[in-house]
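The primary structure of each chain is shown beneath.
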Amino acid sequence: MALFVLQLKFTDPERRMEVRPAHRDYLAELYAAGKLHTAGPFTDQTGAVLIYDVADEAEVRDIIAKDPYTAADVYEIVTLQEWQKLFPPA
């Protein structure tokens, strides 16, 4: 498995709030399935960071494509990169 960090910048705050319940339900499903390591918005609500635990980049891109935020076009990707967890040790 690989960890991928996704950093988002929100682009449509009003529409984002409309779609947020569906987005959070989707994240809860991913978390329950072991595909989402952690996620949350910045305190100023300008963006968010999500860390996925997936097989490869193709899987994370598929997960992102199915997110309700993607269909609503409420963000842009700042970075999507594989991440090496150092602490806490595995």
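These lines cover the structure that appears in this document, whether it is placed above or below. (Residues numbered from 1 in each chain as written. Predicted model: local features only at pLDDT ≥ 70, side-chain atom pairs only at ≥ 80, totals over all residues. Heavy atoms only, no water.)

1. With respect to empty space enclosed by the protein
Applying the stated criterion across every chain yields a total of one cavity of 30 Å³ or more. Within this model, the largest cavity holds a volume of roughly 50 Å³. Every residue along the wall of the largest cavity is listed here: L6, L8, H23, L50, Y52, I64, D67, Y69, T70 and Y75. Classifying every residue of the lining of the largest cavity by side-chain character gives seven nonpolar, two polar and one charged. (1 Å grid on protein atoms, 1.4 Å probe; cavity = no way out; pocket = protein on both sides within 12 Å on 5 of 7 lines; lining within 4 Å. Points joined across faces, edges and corners; volume = space filled by probe spheres on them. Nonpolar A, V, L, I, M, F, W, Y, C, P; charged D, E, K, R; others polar.)

2. Some thoughts on the side chain of H23
Within the fold, H23 resides in helix α1 (residues 13-32). Assessed through its relative accessible area of 7%, H23 is described here as buried. Of the polar contacts made by the side chain of H23, one reaches the side chain of D67; its length is 2.8 Å. (Helix = DSSP H or I, 4+ residues; strand = E, 2+ residues; numbered from the N terminus. Buried < 20%, exposed > 50% of the residue type's maximum accessible area, 1.4 Å probe, protein only. Polar contact = N/O pair within 3.5 Å; in protein donor to acceptor, adjacent residues only side chain to side chain.)

3. Section: the sheet that holds strand β1 (residues 2-10)
Ordered by their spatial adjacency, four strands build an open sheet running β2-β3-β1-β4, and the pairing between neighbours is antiparallel. Strands with a single pairing partner mark the edges of an open sheet, and in this sheet they are β2 (36-41) and β4 (75-83). Ignoring strand direction, the axes of neighbouring strands in this sheet form an average angle of 15°. With eight bridges connecting them, β1 and strand β3 (residues 47-54) associate as antiparallel partners. Counted as the bridge partner of Q7 is V49 from β3. Its contacts with the sheet place α1 against β1, β2 and β3, and it is angled at close to 160° to β2. With respect to the sheet, helix α2 (residues 57-66) is in contact with β1, β3 and β4, its orientation differing from that of β3 by roughly 135°. (Pairing = 2+ DSSP bridges. Axes fitted to C-alpha atoms, helices over the stretch in contact; angles between N-to-C directions. Contact = heavy atoms within 4.5 Å.)

4. A closer look at the pairing of β3
Within β3, six of the eight residues are buried, which leaves the element mostly enclosed by the surrounding structure. In this structure, β2 lies alongside β3, joined through five bridges in antiparallel fashion. Within the sheet, the bridge partner assigned to G40 lies in β3 and is V49. Connecting the antiparallel pair β2 and β3 is a turn made up of five residues, with Q45 showing a positive phi of about 60°.

5. Quick notes on the layout of surface pockets
In this model, the largest pocket occupies a volume close to 150 Å³. Around the largest pocket sit 13 residues that line it, and H23, R24, L27, G40 and P41 are the ones nearest its centre. At the level of secondary structure, the elements contributing two or more residues to the lining of the largest pocket comprise β1, α1, β2 and β3. Sort the elements by how many residues they give to the lining of the largest pocket and α1 lands first, with five residues. Broken down by class, the residue content of the lining of the largest pocket amounts to eight nonpolar, two polar and three charged.

No statement about biological role is implied by the geometric values presented.
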